[in-house]
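# Coordinate inspection notes
Residues per chain, in single letters:
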Amino acid sequence: MRSGLRRIEEGFAAAALLVAVLLPLLEIAVRRLWGVGVPGSGPFVQQATLWVGFLGAALAARDGRLLALATASFLPEGPARSAAQTFAAATAATVATLLALASWALVAITRDAGTVVAVGVRTWWLQLVLPVAFALIAIRSVWRLEAPGARALAALGVAAGAALWFGAPAIEGAPAWPGLLLLALAALLGAPLFALLGGAAAWLFLGDGVTPAAIPVETYALSVSPTLPAIPLFTLAGFALAEGRSSERLLRVFRACFGWLPGGTAVVCALVCSLFTAFTGGSGVTIVALGGLLLPALLRDGYRDSFAVGLLTASGSLGILLPPALPLIVYAVVARVPIEDLFLGGLVPAVLMTTLVAAWGMRESLAQHMERPPFRVDEAARALWQAKWELALPVLVLIALLSGWTTAVESAALAAAYALVVQLFVHRDLSPRRDLLRVLAECARVVGSVMLILGVAVGLTGYLVNAQVPAELLDWTRDHVSSRAAFLLGLNGFLLVVGCLMDVFSATVVVVPLIVPLAAHYEIDPIHLGILFLANLELGYLTPPVGLNLFLAAQRFERPLLSVARATLPMLLVLATGVLLITYVPAITTGLLALRASH
Amino acid sequence: MRCALAFAALVGWLLAGPLPLRAEPERRVQVRLASFVPEGSIWDKGLRRMGEEWRRDTDGRVTLTVYPGGQQGEEATVVAKMRLGALQAASLTILGLAQIDEGFNVFTVPFFYDSYQELHHVIAALAPDLEGRLEAKGFVLIGWGDAGWLQVFSVKPVSTLPDLKRQKIYAAAGFDRMVQWYKANGFQPRPLAFGDIPQALATGMIEAVPITPVAALFLQWYHAAPYMTEIGLAPLVGATVMTKKTWQALSEADREALRASGARLQEHLRTAVPEQDREAVEEMQRRGLHVSTPSDPAAWRALGDHFAELMRGTYVPESLFDRALAERDALRAAPRAEP
């Protein structure tokens, strides 16, 4: 019965994902051939993204894969840990229940308004996925606990969520801090991040006497925004490649081309991590997925343990400036700048950061007088030839995009379809019958855990706008910060702290609307702002004592947090140099854009 | 186990327990109003002035907070927020108004109105009807607001209708019937999201886009599309609306004060907005914009009539369409009757 439900969910998520791939392709063809569009193509792709995201979030909740802080894993086994888990689950259930009811209110008004997506499909039919997903997340947060007593206790969270929804007027004017403190505690004890962000937004709205239904309105608006489908599509492309043997083929290319350099293995690690992060999105993912493969390789080549751990921890966030990394797409959606410009702007900074890390690796190798393999033309040629299909992908996407054939979303669909076709029918790494559904569902899960965070974080942004925080912040800064350099320095420091405390997606959604008006006041180029924002966050992940990647690396490499932090310190300084260059030399970012404009 | 129970009690108390309540303050109505006009623009300044008048004329019982520049989201989002009670008012354009009631599409028929005079005459005649339709959907209209007049900005010059048909023209994504009509009449529509326009202009995916001169200046699209054809495609009509729930919480005197203030803003915009569009065109001309009028006005008018037929009963309710047409034609006939 329960596996039946799982099948249905996975089937729906996979179908929605396929719709998001195929409709834009059909649209490109129909537009080129007949000059018309497919009826409702754009809106349906956007709605498919909503479905992929929230069915994926429900699936992720089922498997306990919602994004959460790693701090809870430091609790010792025993009663303390089970109490923490129960408390975390109860909090998640509270927030998810409240959001399910709030989403239902949204569905109800949409139904009454009678709006239609296209060709007779009612908007509220498609919105139903929101309350359903939040309800499933609430139930699963409780069900994942094993002890019946713990389940019963956590189930109180469902009642609490309902009480908050129906008793909303009683909460108006209540102080904000007790609720926020409770949520922060729950997050530290392992509650998923969506509970912290969504709960904070709901509690703050309630205190101001505004209905928490303001949150799902924002969630829905963001989920169906026109450029957001690029997220599931590029993720699918990355997944199709990662599931097959593409990473091996690419690793071979890099080894053959760069392995002969001094510090060759370190250089290869930096390159592979950059590419992997760019295609799979989260920087933490890279450490977890590739750490186990690359650490032994570095140690075997004679690198010092602390150097190897530091290098990999730092490399884990290198690719977030490299197209088509998800943080770039999210930034473009939130700040309303063209994705293409951000992709182009991020290229040189990404190369700069990767080069700095690679150079540090070379220095280490030269200092330790390590041996290096010779360069072999035949091996390089063979490796390049074997990986030709993978290497053609970025070329294809860029040509389609820059020639005006496709929009950003359509080129993402092209990339996803291309990667799937190559893996299924050319390399045959994946079997259509055995692997396709699994890969699609897995992609939906990853997209879902990201979109859930985005969806509730945008609710928190909605609260900040409602409370007029951006306008007040602008006034304050105008009065107290006189020069652009002083503003940038302040921004460096502020983003470092944000990067320590928040994941990249919620940080983008919550912080970007605050800093965009400020940056406009100091006449900072919007693309430059985007790149320096993400580069600064990247640094925050590595900053002791709370940088997220330090936690992940400590877990993955089974080292104490402090020793990872110490090992990463030199890399942190190297990367900080890069971030300062990116911040204060805008031409690094805007040079390519200016070059394009002059053509 | 005892520890877990105590913990659970704590959780229960914190999550569901009684929360400190404040004494009920004096009954005031706080109105949160969303707009889509840039901060500091004449519309924004007008709305803020209106807010000051509300406070003054109701002795502080009604306060207005304005969220300009689409901070509260796109029009559909803002309408949803009003329906849920998270916002109490908004200055919407025709996009949002038509989401509440399709009757407002009567202002989107191309080449239907020749002048602001005709437009304002039709608005005055249809206002009671449209306001009634709005109220049935739970909204009250506080004042109409002109947002400008759409002109065609293109990459290549347009002096005749066939010139425009040769260029790929932007069409709003999601209005498929409109796209099919464009196509059936020999145009090359490219349905796109609004946000994709700058990139699409830059890569040549589209070559022509209808927009008001002020917006073309503000968004700087006249760089990519430096030819403006002065054909007055359609007015961009807007209105400030409030939820009926909030409206009903006001006293009769306060409602009158709000309406009077809204009417003053409406009058101000009627002179300021056309002036602003004229100034925008002059400014863009100084920066290299080429302005021309088509050499075949009859062909454009015939096209307009054809689109009007298509839209009657599909986009625009027949009764409203016919009333608007009758009123417009009556005005066109009127000057001859006068001395």
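Throughout this document, residue positions are counted from 1 along each chain, in the order its sequence is written. Whichever chain is written first becomes A and whichever ligand is written first becomes 1, with later ones labelled in order. Restriction of local features to residues with pLDDT of at least 70 applies here, the model being predicted, together with a cutoff of 80 or more for giving and counting side-chain atom pairs; totals for whole chains, interfaces and linings are based on all residues. Excluding hydrogens and water, the side-chain values take into account all heavy atoms of the structure.

### Focus: the overall build of chain B
What counts here: Every helix listed is a DSSP run of H or I at least four residues long, and every strand listed is a run of E at least two residues long, numbered separately from the N terminus. Working definition: with a 1.4 Å probe on protein chains only, accessible area under 20% of the residue-type maximum means buried, over 50% means exposed, and in between means partly exposed. Whether two residues touch is decided by their heavy atoms; if any such pair falls within 4.5 Å, the residues are in contact. Areas reported as accessible are Shrake-Rupley estimates using a 1.4 Å probe. Residue values count occlusion only from the protein chains shown.
Looking only at helices and strands, chain B features 13 helices and nine strands. Here chain B holds 339 residues, and 53% of them are scored as buried. Long-range contacts, defined here as pairs at least 24 residues apart, represent 75% of the contacts in chain B between residues at least 6 apart. Approximately 15400 Å² of chain B is accessible, and the part contributed by carbon and sulfur atoms is 55%.

### Quick word on the confidence of the model for chain A
Low pLDDT means the predicted coordinates in that region are not meant to be read closely. As a reminder, the rule being used: pLDDT gives the predictor's per-residue confidence on a scale running from 0 to 100.
Per-residue pLDDT for chain A averages 88, and the proportion of residues at 70 or more is 97%. The lowest-confidence element of chain A is helix H14 (residues 283-300) of chain A, averaging 76 in pLDDT; the highest-confidence one is helix H5 (residues 129-143) of chain A, averaging 96.

### Observations regarding the packing of aromatic side chains
Residue and element names in this part refer to chain A. The following threshold applies: Two rings from Phe, Tyr or Trp (for Trp, the six-membered ring) form a pair when their centres sit within 6.5 Å of each other. Planes less than 30 degrees apart are called stacked, planes more than 60 degrees apart edge-to-face, and all others tilted.
If you walk through the whole model with that rule in mind, you get 19 aromatic pairs over all chains. Ring geometry for Tyr303 against Phe307: centres 5.4 Å apart, planes inclined by 15 degrees, an arrangement best described as stacked. Given the relative accessible area of 6%, Tyr303 is considered buried. When its relative accessible area of 5% is taken as the criterion, Phe307 is described as buried.

### As for the state of the cysteines
Residue and element names in this part refer to chain A. Selection criterion: We call a pair of cysteine sulfur atoms a disulfide whenever their separation is within 2.5 Å.
On inspection of all chains with the given rule, the structure shows zero disulfides over all chains. Between Cys257, a cysteine without a disulfide, and Cys269, which holds the nearest cysteine sulfur, the sulfur-to-sulfur distance is 16 Å. Residue Cys257 is classed as partly exposed on the basis of its relative accessible area, which comes to 22%. Looking at Cys269, it has no disulfide partner, and the nearest cysteine sulfur is the one in Cys273, 6.0 Å off. Residue classification places Cys269 among the buried positions, given a relative accessible area of 1%.

### Section: the nonpolar core
Which entries qualify depends on this criterion: Within this scheme, the nonpolar core is defined by two criteria: the residues are buried Ala, Val, Leu, Ile, Met, Phe, Trp, Tyr or Cys, and they are joined through side-chain atoms within 4.5 Å. In this entry, domain limits derive from an automatic or database-based domain assignment.
Residues Phe54(A), Phe134(A), Ile137(A), Leu236(A), Ile329(A), Leu454(A) and Phe533(A) are the most contacted members of the largest nonpolar core, which totals 202 residues. Shared between two domains, this core takes at least three residues from each, and those domains are domain 1 (2-223) and domain 2 (230-430 + 468-598) of chain A. Among all residues touching Phe134(A), those that are not within four sequence positions of it are Phe54(A), Ala96(A), Leu99(A), Ala100(A), Ser103(A), Leu452(A) and Val456(A). Leu47(B), Val106(B), Trp247(B) and Val273(B) belong to the second-largest nonpolar core, a separate cluster that totals 82 residues.

### As for the confidence of the model for chain B
All names here are of chain B. Predicted confidence across chain B gives a mean pLDDT of 87, with 90% of residues reaching 70 or more. Every residue in residues 9-26 scores below 50 in pLDDT, and together they form 15 contacts with partners more than four places removed in sequence or on other chains. Of the two predicted TM-score estimates for the complex, the pTM is 0.85 and the ipTM is 0.83.

### Quick look at the interface of chain B and chain A
Our working definition: Simply put, the buried area is the total loss of 1.4 Å probe accessible area from both parts when two parts are fitted together. What makes a salt bridge here is a side-chain nitrogen of Lys or Arg within 4 Å of a carboxyl oxygen of Asp or Glu, nothing more. The nonpolar class holds Ala, Val, Leu, Ile, Met, Phe, Trp, Tyr, Cys and Pro. Asp, Glu, Lys and Arg form the charged class, and all remaining residues, Gly among them, are polar.
Contacts between chain B and chain A engage 39 residues on the former and 53 residues on the latter. Buried area between chain B and chain A, summed over both chains or domains, comes out near 3800 Å², and the portion from carbon and sulfur atoms is 66%. Taken together, the links from chain B to chain A amount to one salt bridge. Two residues, Lys81(B) and Glu218(A), come together in a salt bridge whose shortest N-O distance is 2.4 Å. Elements represented by at least two residues in the side of chain B that touches chain A include exactly helix H1 (2-16), strand S2 (62-67), helix H3 (75-84), helix H7 (176-184), strand S6 (188-192) and helix H8 (197-203) of chain B. When grouped by side-chain class, the residues that make up the side of chain B that touches chain A number 20 nonpolar, eleven polar and eight charged.

### Here's the deal with the environment of Leu290(A)
All names here are of chain A. Locating Leu290 in the fold gives a position in helix H14. Relative accessible area serves as the criterion here: at 7%, Leu290 is assigned to the buried category. Along the backbone, Leu290 and Arg556 are 266 residues apart, and their C-alpha atoms lie at a distance of 9.9 Å.

### Section: the domain arrangement of chain A
Buried accessible area, meaning the area lost when the parts come together, often serves as the stated size of an interface. Residues and elements named next belong to chain A. According to the domain assignment, chain A consists of domain 1 (2-223) and domain 2 (230-430 + 468-598). If you look at the interface, domain 1 gives 20 residues, while domain 2 gives 18 residues. Between domain 1 and domain 2, a total of about 1600 Å² is buried, with carbon and sulfur atoms accounting for 81% of that surface. It is Val21, Ile28 and Arg32 that lose the most area in domain 1 upon contact with domain 2, and together they represent 24% of the buried surface on that side.

### Observations concerning the packing of helix H17 (residues 339-367) of chain A against helix H28 (residues 587-598) of chain A
All names here are of chain A. The criterion, for reference: Axis definition: a line fit to C-alpha positions, over the contact stretch in the case of helices; interaxial angles, taken between N-to-C directions, run 0 to 180 degrees. Should an angle lie under 35 degrees it is considered roughly parallel, over 145 roughly antiparallel, and from 65 to 115 roughly perpendicular; all remaining angles are considered oblique. In this scheme the crossing of two helices becomes right-handed for a clockwise turn of the near helix relative to the far one and left-handed for an anticlockwise turn of less than a right angle.
H28 packs onto H17 with a crossing angle of 135 degrees between their chain directions and a minimal axis gap of 7 Å. Between H17 and H28, the crossing angle belongs to the class labelled oblique. Read as a crossing pair, H17 and H28 show a hand that is right-handed. In this structure, H17 uses Asp341, Leu344, Gly345, Leu347, Val348, Pro349 and Leu352 to contact H28, whose residues at the interface are Ile588, Thr589, Leu592, Leu593 and Arg596. For the contact of H17 with H28, the residue count by class is eight nonpolar, two polar and two charged.

### Some thoughts on the packing of helix H16 (residues 326-335) of chain A against helix H25 (residues 526-540) of chain A
Residues and elements named next belong to chain A. Two elements in contact, H16 and H25, have axes separated by 11 Å at closest approach and are oriented at 135 degrees. It follows that H16 is oblique to H25 by the angle criterion. The two elements H16 and H25 cross, and the hand of that crossing is right-handed. Residues Pro327, Leu328 and Tyr331 of H16 form the contact with H25, whose participating residues are Pro526, Leu529, Gly530, Ile531, Phe533 and Leu534. By residue class, the composition of the contact of H16 with H25 is eight nonpolar, one polar and no charged.

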